[in-house]
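Listed here are the chains, written in short residue letters.
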Amino acid sequence: MVKRCVSVLLATICAVFFLATWANAHCEIPCGIYDDSMRIELLREHATTMEKAMKKIKELDPRDAQENNQLVRWITNKEEHAEKFQKIVNQYFLTQRIHLDASKYTKKITLLHHMLVYAMRCKQTVDLDHIKKLNSLIDAFEEVYFSDKE
């Protein structure tokens, strides 16, 4: 009986791992279903969330237990959105959408690299100037990226 339970448990874990891996890999399958505009909007949404988190972090008093709890939650949220931002830049644009022979390749790669650096800075600090720079980089990248599509 115990052996059977262990076997079922292992099979379940393997199935979950396989399905999770398959789901994450879906975007790298050349199915042709891409929504570049949506990804740009997601980048903007993550930047806005990081900005709000930075403002809240600055407002909260860590000496108050309830506010300290909220402070930790806002810091965690800011870091998660910075990581999600970086994932879109890395896994969507850099690996899938910017082809090695793309026009304006160097400009696109440079803008994406700057976006990664500023997302990292947003993760590390509460400096709202980093958000402003990140938003201007998103705008610049969008303009260069979609200039090929027209």
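Right, let's walk through the structure included here. (Residues numbered from 1 in each chain as written. Predicted model: local features only at pLDDT ≥ 70, side-chain atom pairs only at ≥ 80, totals over all residues. Heavy atoms only, no water.)

Aromatic rings considered in pairs are described by the distance between their centres and by the relative angle of their planes. Inspection of the entire model under this criterion finds six aromatic pairs. Between the aromatic rings of Tyr 92 and Phe 93, the centroid separation amounts to 4.9 Å while the plane-to-plane angle is 90°, which identifies the pairing as edge-to-face. Across the pair, Phe 93 and Tyr 92 agree in class, each one buried. By relative accessible area, Phe 93 is classed as buried at 0%. Aromatic rings pair up to connect Tyr 34, Tyr 92, Phe 93, Phe 141, Tyr 145 and Phe 146 into one cluster. (Phe/Tyr/Trp six-rings, centres within 6.5 Å; stacked < 30°, edge-to-face > 60°. Buried < 20%, exposed > 50% of the residue type's maximum accessible area, 1.4 Å probe, protein only.)

The end-to-end C-alpha distance of helix α2 (residues 36-59) is 35 Å, a good match for the 34 Å that 24 residues give at a rise of 1.5 Å each. Among the residues of α2, Asp 36, Arg 39, Ile 40, Leu 43, Arg 44, His 46, Ala 47, Thr 49, Met 50, Ala 53, Met 54 and Ile 57 are the ones counted as buried. (Helix = DSSP H or I, 4+ residues; strand = E, 2+ residues; numbered from the N terminus. Expected span 1.5 Å × (residues − 1).)

What follows covers the nonpolar core. One finds Leu 43, Met 50, Phe 85, Phe 93, Met 115, Leu 134 and Phe 141 to be the most contacted residues of the largest nonpolar core, which totals 27 residues. Of all the elements in the fold, those that place two or more residues in this core are α2, α3 (65-97), α4 (105-124) and α5 (128-147). The element best represented in this core is α5, accounting for eight residues. The next biggest cluster of nonpolar side chains, apart from the first, holds five residues, and it includes Ala 53, Ile 57, Leu 60 and Trp 74. (Core = buried A, V, L, I, M, F, W, Y, C linked by side-chain atoms within 4.5 Å.)

With that settled, consider the pattern of salt bridges. Should their charged atoms come close, side chains of opposite charge can pair. Within the structure shown, the criterion is met by nine salt bridges. Arg 63 is the salt-bridge partner of Asp 61, the closest N and O atoms lying 3.0 Å from each other. You can call Arg 63 exposed: its relative accessible area is 76%. Note that Glu 83 and Lys 123 form a salt bridge whose closest N and O atoms lie 2.5 Å from each other. One end of the pair, Glu 83, is in helix α3; the other, Lys 123, is in helix α4, and 40 residues separate them in sequence. A relative accessible area of 40% means that Glu 83 is categorised as partly exposed. Take Lys 123: its relative accessible area is 23%, and that puts it in the partly exposed class. (Salt bridge = Lys/Arg side-chain N within 4 Å of Asp/Glu carboxyl O.)

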